[in-house]
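# Structural description and commentary
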Amino acid sequence: MSRFPAPARPLLTAALLVALATPAWAQSHAHGTTTAPAATKEAPVDPQANHGSMGHSQMDHSKMDHGNMDHSQMDHSTMDHGSMDHGQMDHSTTDHAAHKTAAPSEPREPIPVVTAADRLAAFPPIEHGAMEHAPEIHSMLLVNRLEQWDGQHGNGQAWEASGWVGGNIHRLWVRSEGERSGGRTEAADVEVLYGRSVSPWWDVLVGVKQDLGPGDSRTWAALGIQGLAPYKFETSATAYVGEGGQVMATAEIEYELLLTNRLILQPLLEATLAAKDDPRHGTGSGLNKVEAGLRLRYEFNRRFAPYIGISHERLFGDTADYHQAAGERARDTRWVAGVRVWF
């Protein structure tokens with residue numbers, strides 16, 4: 001016999017049916033609301049979409065077909081390129097030629113057409129009759145030494161000068177040097193020579209020399225060479241052939257050392273040789289005379305330069321004996337002061 005009264009039995013039966021139906025309803029509702037798996041086929045990309053506002057850092061670019069995308073409509077200025085994986089992008093299909101800008105075929109500012117007036121201004125007519133040409137004949141006179149000397153055995157004056165007239169190849173030379181002491185000329189000579197340039201730095205000379213000393217005047221045939229040796233040594237060497245078969249030679253070397261642009265130190269070395277003895281003129285064979293000098297000049301300009309210096313002269317061999325027999329000294333040291341000029 002049932003413990004529940006008869007009126008409560010229908011209610012209890014209804015509650016039991018509801019309790020049994022609730023789990024089945026909940027299970028079927030859960031299966032109905034479950035999200036369907038993602039489709040394997042990608043959705044088409046809208047080329048007109050504004051990719052500038054899209055979060056590219058969250059997008060999977062490896063599965064996007066960039067070859068069919070119209071990048072000209074995309075706003076790349078707002079894109080975060082730092083987070084993009086360019087290593088996975090396929091650039092082989094990109095048409096880079098379409099992005100090149102064609103060079104302009106015409107200049108921005110057109111070049112004006114050259115007129116006859118422009119040509120005349122650039123190339124005026126030349127009047128050859130009005131042109132001044134350098135003269136073919138030149139000349140120069142150089143007084144290398146014009147000095148007063150004071151030595152151990154007296155004092156006097158001395159000079160050395162040379163000049164030429166002609167062109168660059170052919171020239172007529174005149175050279176002279178001499179010495180005075182006690183109011184009379186001790187020795188002097190004049191040379192007239194034809195010079196021909198054989199190189200940019202050297203001339204060959206041929207001519208005559210005339211002695212003007214107090215004794216018998218002598219005439220010599222001269223043949224020599226002069227020019228600028230390596231290291232800028234001014235060099236001159238001349239051989240003379242005189243009466244009686246006497247042969248003499250003179251060699252001279254000068255150098256100019258620039259202490260400043262105007263202050264110049266000039267050393268000099270000169271030697272004289274003879275082939276045989278000539279007692280009448282006090283000349284012995286071999287090396288008969290050597291003179292060494294050192295002069296310091298100041299050039300107010302290239303044409304005028306006063307100087308001071310010292311000079312030492314010494315005789316050798318039979319030449320020294322001849323002069324000592326005549327009461328003269330075989331050597332002498334002199335202080336000199338003079339001027340160097342050229343025209």
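Given the structure is predicted, the values throughout are model-derived calculations rather than measurements.

Take the overall build of the protein next. Scanning the protein from terminus to terminus reveals three helices and 13 strands. Here the protein, with 343 residues, has 26% of them falling under the buried criterion. Sequence-distant contacts in the protein: of pairs separated by 6 or more residues, those separated by 24 or more amount to 42%.

Here we take up the confidence of the model for the protein. Per-residue confidence for the protein gives a mean pLDDT of 80, with 67% of residues at or over 70. Throughout residues 24–53 the model reports pLDDT below 50, and contacts reaching past four residues in sequence, or to other chains, amount to ten contacts.

The subject of this paragraph is unusual backbone geometry. For Y231, which is not a glycine, the phi torsion comes out positive at approximately 65°. You can see Y231 is positioned in the loop between β6 (219–229) and β7 (233–241). For K232, which is not a glycine, the phi torsion comes out positive at approximately 65°. In this structure, K232 sits in the loop between β6 and β7.

Taken together, the side chains of I137, V165, L172, V174, V190, V192, V208 and L212 make up a nonpolar region of the molecular surface, amounting to roughly 630 Å² of accessible area. Put simply, the parts of the chain that give the nonpolar patch at least two residues each are β3 (170–181) and β4 (184–199). Mapped onto the fold, V165 is located in strand β2 (residues 154–166).

Counting nine residues, the largest nonpolar core is built from W164, W173, L193, L205, W220, A222, Y240, M248 and A274. Beyond its immediate stretch of four places on either side in the chain, A222 contacts L193, L205, V206, G207, V208, T238, A239 and Y240.

This part is about the packing of aromatic side chains. On inspection of all chains with the given rule, the structure shows four aromatic pairs. Centre to centre, the rings of W164 and W173 are 6.4 Å apart; their planes meet at 45°, and the pair counts as tilted. Summarising the burial analysis for this pair, W164 and W173 share the class buried. The ring of W164 carries R171 above its face, with NZ or CZ at 3.6 Å from the centroid. Between the NZ or CZ atom of R303 and the centre of the ring of W342, over which it lies, the distance is 4.4 Å.

On to the environment of Y240, then. Tracing the backbone shows Y240 in strand β7. Apart from the residues within four sequence positions on either side, Y240 is in contact with R175, E191, K209, W220, A221, A222, Q246, V247, M248 and T250. A polar side-chain atom of Y240 sits 3.0 Å from a polar atom in the side chain of E191.

With that out of the way, let us pick up the side chain of N288. Structurally, N288 is set in strand β11 (residues 286–298). Since its relative accessible area comes to 5%, N288 is described here as buried. Look past the residues within four positions of N288 in its chain and what remains in contact with it is M248, T272, L273, A274, T283, R314, L315, F316 and T319.

Here we come to the environment of D321. Looking at where D321 falls in the secondary structure, it is placed in helix α3 (residues 317–325). A sequence separation of 37 residues divides D321 from G284, and the C-alpha atoms of the two residues are 8.6 Å apart.

What follows is about the side chain of T319. Inspection of the secondary structure puts T319 in helix α3. The buried category is assigned to T319, whose relative accessible area is 5%. Residues within four places of T319 in sequence aside, it is in contact with G282, T283, G284 and N288.

Right, let's get into the pattern of salt bridges. Enumeration over the complete set of coordinates arrives at 14 salt bridges. Linking E160 and R145 is a salt bridge whose minimum nitrogen-to-oxygen distance equals 2.5 Å. Note that E160 is positioned in strand β2 and R145 in strand β1 (residues 138–151), a separation of 15 residues in sequence. Comparing E160 with R145 shows no difference in burial state: the two are buried. Two residues, E179 and R334, come together in a salt bridge whose shortest N-O distance is 3.1 Å. Highlighted residues: E179 in strand β3 and R334 in strand β13 (residues 331–342), separated in sequence by 155 residues. The network of salt bridges with common partners includes E256, R297, E299, R302 and R340.

To continue, consider the pairing of strand β12 (residues 304–315). Residues A305, Y307, G309, S311, E313 and L315 line the buried face of β12, whereas the alternating positions F304, P306, I308, I310, H312 and R314 sit on a face that is not buried. Here nine bridges tie β11 to β12, and the two strands are oriented antiparallel to one another. Bridge pairing in β12 places A292 opposite H312. Two successive antiparallel strands, β11 and β12, enclose a turn made up of five residues. With eleven bridges joining them, β12 and β13 adopt antiparallel strand pairing. Note that in β13 the partner of R314 across the bridge is R331.

Reading the values: the criteria
- Residues numbered from 1 in each chain as written.
- Predicted model: local features only at pLDDT ≥ 70, side-chain atom pairs only at ≥ 80, totals over all residues.
- Heavy atoms only, no water.
- Helix = DSSP H or I, 4+ residues; strand = E, 2+ residues; numbered from the N terminus.
- Buried < 20%, exposed > 50% of the residue type's maximum accessible area, 1.4 Å probe, protein only.
- Contact = heavy atoms within 4.5 Å.
- pLDDT = per-residue confidence, 0-100.
- Patch = residues over 30% accessible without salt bridge, like charges linked within 9 Å, V, L, I, M, F, W, Y side chains within 5 Å.
- Areas by Shrake-Rupley, 256 points an atom, 1.4 Å probe, with all protein chains shown as cover.
- Salt bridge = Lys/Arg side-chain N within 4 Å of Asp/Glu carboxyl O.
- Core = buried A, V, L, I, M, F, W, Y, C linked by side-chain atoms within 4.5 Å.
- Phe/Tyr/Trp six-rings, centres within 6.5 Å; stacked < 30°, edge-to-face > 60°.
- Lys NZ or Arg CZ within 6 Å of the ring centre and 35° of its normal.
- Polar contact = N/O pair within 3.5 Å; in protein donor to acceptor, adjacent residues only side chain to side chain.
- Pairing = 2+ DSSP bridges.

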